[in-house]
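Fold and contact review
Take a look at the letters that make up each chain.
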Amino acid sequence: LGQAGMGLGLDVACTKAAVDLQNLTAQTMPGIIEASLATLRAATDADAAFLAMLDPTGTRIVEVTIAEGMEQMPRLSQLAEQKLADMPFLASRFDHLRLTEYQDTAVPRREEPAEAQLLASRGIAAVLLIAFHVERRPAGLLRAHQCCRSVSGHRTPSRGGRILA
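1. Some details on helix 2 (residues 29-44)
- For helix 2, built from 16 residues, the straight-helix expectation of 22 Å at 1.5 Å per residue is met to within 8% by its first-to-last C-alpha distance of 22 Å.
- For helix 2, the complete set of buried residues consists of Met29, Ile32, Ile33, Ser36, Leu37, Thr39, Leu40 and Thr44.
- The positive-phi residue at the C-terminal boundary of helix 2 is aspartate 45, with phi of around 55 degrees.

Laid out in C-alpha cells, this is it:
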C-alpha cells in the first residue's frame with residue numbers, strides 16, 4: 001500500500017494543481033505557480049522545474065524562476081529576454097494549459113528545430129512545457145525538464161533513464 005498511497009497523494013496534488021491553474025488570476029498567481037512548480041517536478045520525476053513569465057504583450061520571456069534547489073542551473077536564466085517568435089512551434093501552441101513536449105533536443109522533430117537548438121544550448125535534453133494565461137492573456141510557461149550528458153554521441157537523461165512523457 002505504501003507505493004499506491006504515495007501515487008494517490010500525487011494524483012490528488014496534480015488534480016489540485018490543474019484546477020488551480022485553470023482558475024489563475026493575477027492575485028492568486030504567485031502562490032499557485034510556486035506550488036504547481038513543486039508538484040510538476042515531483043509528478044514527472046524531472047531534474048528541474050521552472051517558470052518563464054512573459055511580458056504584458058505576451059511576446060517575450062522577461063523573468064525565469066527556478067524551482068527550489070535548482071539554483072545551480074544558471075543557463076536557464078538565460079531564457080529571459082527570449083522572444084516567443086524565435087520559437088515558432090511553441091508560439092503556435094500557446095493556448096491556456098496546452099502541453100508542448102520536446103522529446104529529445106539532440107534529435108528534433110521536423111517542426112521544432114529552432115526550439116530544439118535553443119533549448120539544447122541551455123542544457124535541456126527533454127522538456128514538457130505548459131503554457132498558461134492569466135485573465136485570458138498569455139502569461140508564461142511552466143516547464144519540467146531533464147538535463148543531459150553525452151554518451152557515445154547521443155544525449156541521454158541524467159537521472160533514472162526517464163525522458164518526460
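2. Concerning unusual backbone geometry
- Even without being a glycine, glutamate 81 presents a positive backbone phi close to 80 degrees.
- Among the structural elements, glutamate 81 can be located in the loop between strand 2 (61-66) and helix 3 (88-91).
- A residue is classified by how much of its surface remains accessible, and glutamate 81, at 48% relative accessible area, is partly exposed.
- Here glutamate 135, not a glycine, exhibits a phi torsion of approximately 55 degrees, which is positive.
- Position of glutamate 135 among the secondary structure elements: in the loop between strand 4 (126-134) and strand 5 (137-146).

3. Describing the pattern of salt bridges
- Applying the stated criterion across every chain yields a total of five salt bridges.
- For arginine 60, the salt bridge goes to aspartate 55, with nearest N and O atoms at 3.7 Å.
- Arginine 109 is the partner of glutamate 112 in a salt bridge, and the nearest nitrogen-oxygen pair spans 2.9 Å.
- One network of salt bridges, in which partners are shared, links Asp55, Arg60 and Glu81.

4. Quick word on the confidence of the model for the protein chain
- Summary statistics for the protein chain give a mean pLDDT of 74 and a share of 75% for residues scoring 70 or more.
- For the protein chain, the element scoring lowest by mean pLDDT is strand 6 (residues 148-151), at 39; helix 3 scores highest, at 90.
- With pLDDT under 50 throughout, residues 149-165 is counted as low confidence; its partners more than four residues away or in other chains account for 39 contacts.

5. Considerations on the side chain of threonine 105
- Along the chain, threonine 105 turns up in the loop between strand 3 (99-102) and helix 4 (113-121).
- For threonine 105, the side chain forms a polar contact with the main-chain oxygen of isoleucine 124, separated by 2.7 Å.

Conventions and cut-offs
Residues numbered from 1 in each chain as written. Predicted model: local features only at pLDDT ≥ 70, side-chain atom pairs only at ≥ 80, totals over all residues. Heavy atoms only, no water. Helix = DSSP H or I, 4+ residues; strand = E, 2+ residues; numbered from the N terminus. Expected span 1.5 Å × (residues − 1). Buried < 20%, exposed > 50% of the residue type's maximum accessible area, 1.4 Å probe, protein only. Salt bridge = Lys/Arg side-chain N within 4 Å of Asp/Glu carboxyl O. pLDDT = per-residue confidence, 0-100. Contact = heavy atoms within 4.5 Å. Polar contact = N/O pair within 3.5 Å; in protein donor to acceptor, adjacent residues only side chain to side chain.

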